[in-house]
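A structural walkthrough
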Amino acid sequence: MHWTDLAAEKKQRQQKSIPQDWLVSPPPDSTLDVTGFPETCGLLNAREIEITNTSVDALLEKLASGEWTAVAVTTAFYKRAIVAHQLVNCLTEIFVDRALARAAELDDHLKKTGKVVGPLHGLPISLKDQLCIKGLETTMGYVSWIGKYAEKNAVLVDILIECGAVPFVRTNIPQTLMWPESFNNVFGRTTNPYNRSLTSGGSSGGEGALIAMQGSPLGVGSDIGGSVRIPAAFCGLYGLRPSYGRIPYAGALNSLEGQDSIPSVFGPMTSTISGLKAFTKAVTSAKPWLKDPLAVRKKWDEDEYNLADHGSGKDLCFAIMWDDGVVVPHPPIRRSLEVTKAALEKAGHKVVDWKPIRHRMLGDVTRDIWNAASAEDFMITTSATGEPIIASMELENSEAVSAPFRPKKGGITAYQLWQVQKTRIDLRKEYLDHWEATASKTGTGRPVDAIICPAAPYAAPPHGNNRYTNYTTVWNALDYPAAIFPVTTVNPSLDAKKPRQSFYDDFDKGVYEMYDPETFNNAPVCLQLVGRTLEEEAVVRMTEIVDGALAAAK
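In this report, we go over the structure that sits alongside the text. (Residues numbered from 1 in each chain as written. Predicted model: local features only at pLDDT ≥ 70, side-chain atom pairs only at ≥ 80, totals over all residues. Heavy atoms only, no water.)

**Regarding the nonpolar core**
Note the cut-off: Definition of nonpolar core: a set of buried residues of the types Ala, Val, Leu, Ile, Met, Phe, Trp, Tyr and Cys, connected through side-chain atoms within 4.5 Å. Type-normalised accessible area, obtained with a 1.4 Å probe on protein chains alone, sets the label of each residue: buried when under 20%, exposed when over 50%, and partly exposed for intermediate values. What counts as a helix is a DSSP run of H or I of at least four residues, what counts as a strand is a run of E of at least two, and both are numbered from the N terminus. Any two residues whose heavy atoms approach within 4.5 Å at even a single point are treated as in contact.
Core analysis: the largest hydrophobic core is formed by 98 residues, its most contacted members being Phe318, Ile452, Trp475, Phe485 and Leu529. With eight residues, helix 19 (residues 536-553) is the single largest residue contributor to this core. Excluding residues within four positions of it along the chain, phenylalanine 485 makes contact with Leu237, Tyr238, Thr340, Ile452, Cys526, Leu527, Gln528, Leu529, Thr543, Val546 and Leu550. Core analysis: the second largest hydrophobic core is formed by 65 residues, Val34, Phe37, Tyr78 and Ile125 among them.

Right, here's the structure in full:
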């Protein structure tokens, strides 16, 4: 069979897995903002709308008390997820019967014992299309992997099930995963629910779009260079990129397997901030290191969450990075930084400027490490069926600019790779010293507590135009945990294009020229909070503090 026939057959099977009475008549393509559609389409009743608009902590309470059954909650989110899929093409694997059977078991257990199965009892969780579930295909957007059925669950899936969660859908990604948008030859393109002419980001773009549509309360994305944070930022969500090994990866599929210098990590994406702690605490408390040899032996630490290392959260000092010295962010991003600074100062925290060092070099080194063998990795994977490696994600490919996420040449020798990795080790030490030295400027007796910076130089751009990921990628290179939080949306009357006299280089100028407030209209604007290695608890808590300050300042 030709690869196009294999892809068409898989897409047909996906369509058949949707319950027929959940099909809706979607609005025309010219309707760009589809976030309100699920509540007006008539498929969800009033209770289901209420359930799907409930925060993660409130859902867990109602599920634990038996006020809402796991079957009712899973059904509500499943229906909304299927509606979302018909609007923004966010799902890959759909397995309704299996998810509802699992939910019924949980209800049964609660009824019989009066106890929850675990801390995530009854919570539906969506999974990026890498997380194997026994008996289901995991194609990861590769035609070559159609028909590849999992013999067992990924470790994280087992842990989520042990915690009482209900895995219920898997979500779309780009071919190879190494792209900050979501398009592949099997399932096609995922769009942004706030403006379908814009990208939902990637590579966890299916998760971003689904959760923005309230089709899932909590999802799992992965992040090697920004793949949790970029879609979270483009879709107006909360997200967390944990440090290497904090969340187990064993048994999941991936690209660039064996590249363990800058590993990919799994992290939560959610529309409610309580989801970050609920997921991270549940998973790290389940001793994942007993199931995954690369998982770090560190349980959730409530003292660290209460900011024992950060003056117990009183008089925090945040540092704002206005730009990274490579690309200057667009006006909406600048405005969100100003709004956040004012909110934190109003809440009594100190705010200083962050001086970025070596950001261009950190980005270059990271790409050199990935591209040491990525061309070969992609070629070997696609060669089984002869599917082409996608070179652009633009809608019109005729004049597409070749994206920087594809390797330009073959590979490098192991010795050359070691030199790049050595440079990276030196850069990590330089950045550590740079952070420690801020203790002289904060007035708290401590170095800066966290950095607040853009997640990208722009809000969600038009399809094919997400060409710069250093705002997220540098933190992967340094292994700093980072969270995403929403601030505002692009507003043409507040975010006019401003003239600029000087540019860092032509690339920076190109990003500047891309901006037109009407193009980005209604796109969510989020920022990133960055902490220090293995400080997930503190990063989650400080993100809650920033989020609270923003809410109080409105």
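So, next bit.
**With respect to the pairing of strand 7 (residues 195-199)**
Using the following cut-off: Two strands are counted as paired when DSSP detects at least two bridges linking them.
Taking burial as the measure, the five residues of strand 7 include four buried ones, the bulk of the element. The sheet contact formed by strand 6 (residues 191-192) and strand 7 spans two bridges and is antiparallel. Its bridge partner being in strand 7, asparagine 192 is matched across the sheet by asparagine 195. Hairpin remark: strand 6 followed by strand 7, antiparallel, with two residues in the connecting loop.

**Looking at the packing of aromatic side chains**
As a reminder of what qualifies: Paired rings are identified among Phe, Tyr and Trp, the last through its six-membered ring, by centres lying within 6.5 Å, and are further divided according to the angle between planes into stacked (under 30 degrees), edge-to-face (over 60) and tilted (the rest).
Here the structure, examined in full by the defined rule, presents 15 aromatic pairs. With a centroid separation of 6.1 Å and 45 degrees between ring planes, the pair formed by tryptophan 22 and tyrosine 78 is classed as tilted. On the criterion of sequence distance, the pair formed by tryptophan 22 in the loop between helix 1 (3-16) and helix 2 (37-40) and tyrosine 78 in helix 5 (residues 70-88) is long-range, its members being 56 residues apart. Tyrosine 78 matches tryptophan 22 in its accessibility class, with the two residues each being buried. Relative to tyrosine 512, the ring of phenylalanine 503 has its centre 5.3 Å away and its plane inclined at 55 degrees; by these criteria the two rings are tilted.

**Regarding unusual backbone geometry**
Omega for the peptide link from glycine 202 to serine 203 comes to 5 degrees, which places this bond in the cis form. For serine 203, the location among the structural elements is in the loop between strand 7 and helix 8 (205-212). With a phi close to 70 degrees, leucine 177 is a non-glycine residue in the positive phi region. Overall, the relative accessible area of 5% leaves leucine 177 in the buried class.

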